[in-house]
Amino acid sequence: MKLHQKLIATAAIAVAAALPAVAQTIEPIVVLNENFNDIGTLNNWSLVNNSVPPGQPWSQGNPGVFPAPSGPASSYIAANYLSAQNGMGSVDNWLITPVVSLIGPSELSFFTRSASASGFGDTLEVRFSPGTGSDTGGFNTVLGVLGGISDYPTVWQQVISSIDYNGQGRFAFRYVGDASAANYIGIDAVLVTTVPEPGAYLMLLAGLGALVLLRRRQLT
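Cut-offs used in this document
Residues numbered from 1 in each chain as written. Predicted model: local features only at pLDDT ≥ 70, side-chain atom pairs only at ≥ 80, totals over all residues. Heavy atoms only, no water. Buried < 20%, exposed > 50% of the residue type's maximum accessible area, 1.4 Å probe, protein only. Helix = DSSP H or I, 4+ residues; strand = E, 2+ residues; numbered from the N terminus. Pairing = 2+ DSSP bridges. Contact = heavy atoms within 4.5 Å. Salt bridge = Lys/Arg side-chain N within 4 Å of Asp/Glu carboxyl O. Phe/Tyr/Trp six-rings, centres within 6.5 Å; stacked < 30°, edge-to-face > 60°. Lys NZ or Arg CZ within 6 Å of the ring centre and 35° of its normal.

A. Examining the pairing of strand β5 (residues 90–96) more closely. In terms of residue burial, β5 counts as a mostly covered element, since six of its seven residues are buried. For strand β2 (residues 46–49) and β5, the ladder comprises four bridges, and the chain directions are antiparallel. When the sheet's bridge partners are listed, S46 is paired in β5 with I96. Bridging between β5 and strand β9 (residues 157–178) involves seven bridges; their strand directions are antiparallel. Within the sheet, the bridge partner assigned to L95 lies in β9 and is F173.

Right, here's the structure in full:
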């Protein structure tokens with residue numbers, strides 16, 4: 001085998017051997033981390049109340065209803081039946097994250113709960129929209145639904161939704177339903193992480209291998 005062919009073969013074997021190890025050690029990249037200590041300082045979040053008729057927007061958590069799962073008692077964001085004016089009508093209240101850049105398999109994690117009250121039921125939809133817009137009509141990917149036909153958790157519960165996407169996008173929490181049946185929910189500790197596809201590392205390693213070979217050939 002000629003020298004340059006041997007070098008190419010050696011580089012290929014090295015890249016193939018390195019890929020499984022790299023895939024196992026890839027750490028998720030945090031692209032959003034929000035604990036709602038003060039929603040007056042939220043940066044690039046969008047609050048859109050499409051309720052009919054519109055009432056109150058999302059608000060700072062009320063520790064008199066229930067405290068946050070950690071940190072200051074009011075450090076969560078909340079919505080309730082007053083999202084529709086005077087608690088009468090149809091609730092359709094949106095909480096939309098800032099734009100995040102995803103580079104492969106990604107997770108949205110958050111904690112949520114409702115107030116414990118018999119005879120009421122809350123519904124929260126978790127949605128995703130590609131791109132940078134905040135028009136609620138663009139959030140056509142439903143990642144999950146809490147409540148509705150099942151009971152909304154009445155203690156803080158972590159919820160994790162997954163999506164495999166490469167590009168910019170936004171997640172949304174849509175509090176929705178009949179105001180007369182709704183009560184009160186809280187959301188806390190919103191975390192979005194993303195993991196590069198192993199193929200991206202393969203391309204990087206292959207590129208580095210090619211550069212090494214090129215330099216070696218120039219020196220011979």
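Picking up where we left off.
B. Layout of the environment of V65. Residue position: V65 is located in the loop between β3 (59–60) and β4 (77–80). A relative accessible area of 37% places V65 in the partly exposed class. Remark: the alpha-carbon pair of V65 and S116, spanning 51 residues in sequence, is separated by 9.3 Å. Those residues in contact with V65 that lie beyond four places of it in its chain are A115 and Y184.

C. Seen up close, the pattern of salt bridges. Counted under the stated rule, the structure contains three salt bridges. Close ionic contact of D92 with R174 constitutes a salt bridge, the shortest N to O distance being 2.7 Å. Taken together, the residues span a long stretch of sequence, with D92 in strand β5 and R174 in strand β9 at a distance of 82 residues. With respect to class, D92 is no different from R174; both count as buried. The shortest N-O distance in the salt bridge between E125 and R174 comes to 3.2 Å. Here E125 is found in strand β7 (residues 123–130), whereas its partner R174 is found in strand β9, with 49 residues between them in sequence. Summarising the burial analysis for this pair, E125 and R174 share the class buried. In the salt-bridge network here, residues are joined through shared partners; they are D92, E125, R127 and R174.

D. Structural context of the packing of aromatic side chains. Applying the stated criterion across every chain yields a total of 10 aromatic pairs. Pairing W58 with Y175 gives two aromatic rings, centres 6.4 Å apart and planes at 65°, and the pair type is edge-to-face. Of this pair, W58 sits in the loop between β2 and β3 while Y175 sits in strand β9, placing them 117 residues apart in sequence. Exposure remark for Y175: the relative accessible area of 0% places this residue in the buried category. Aromatic pair F128 and F171: ring centres 5.0 Å apart, planes at 55°, arrangement tilted. Of the two residues, F128 sits in strand β7 while F171 sits in strand β9, which places them 43 residues apart along the sequence. Accessibility classification places F128 together with F171 in one group, the buried group. Pairwise contacts between aromatic rings join F66, Y76, W156 and Y184 into one cluster. In this structure, R113 packs its charged tip against the face of F66, placed 4.1 Å from the ring centre.

E. Just the environment of V155, in detail. Structurally, V155 is set in the loop between β8 (141–147) and β9. Assessed through its relative accessible area of 54%, V155 is described here as exposed. When the C-alpha positions of V155 and P69 are compared, they lie 9.1 Å apart, and in sequence the two are 86 residues distant. Excluding anything up to four places from it in sequence, V155 contacts T112 and R113.

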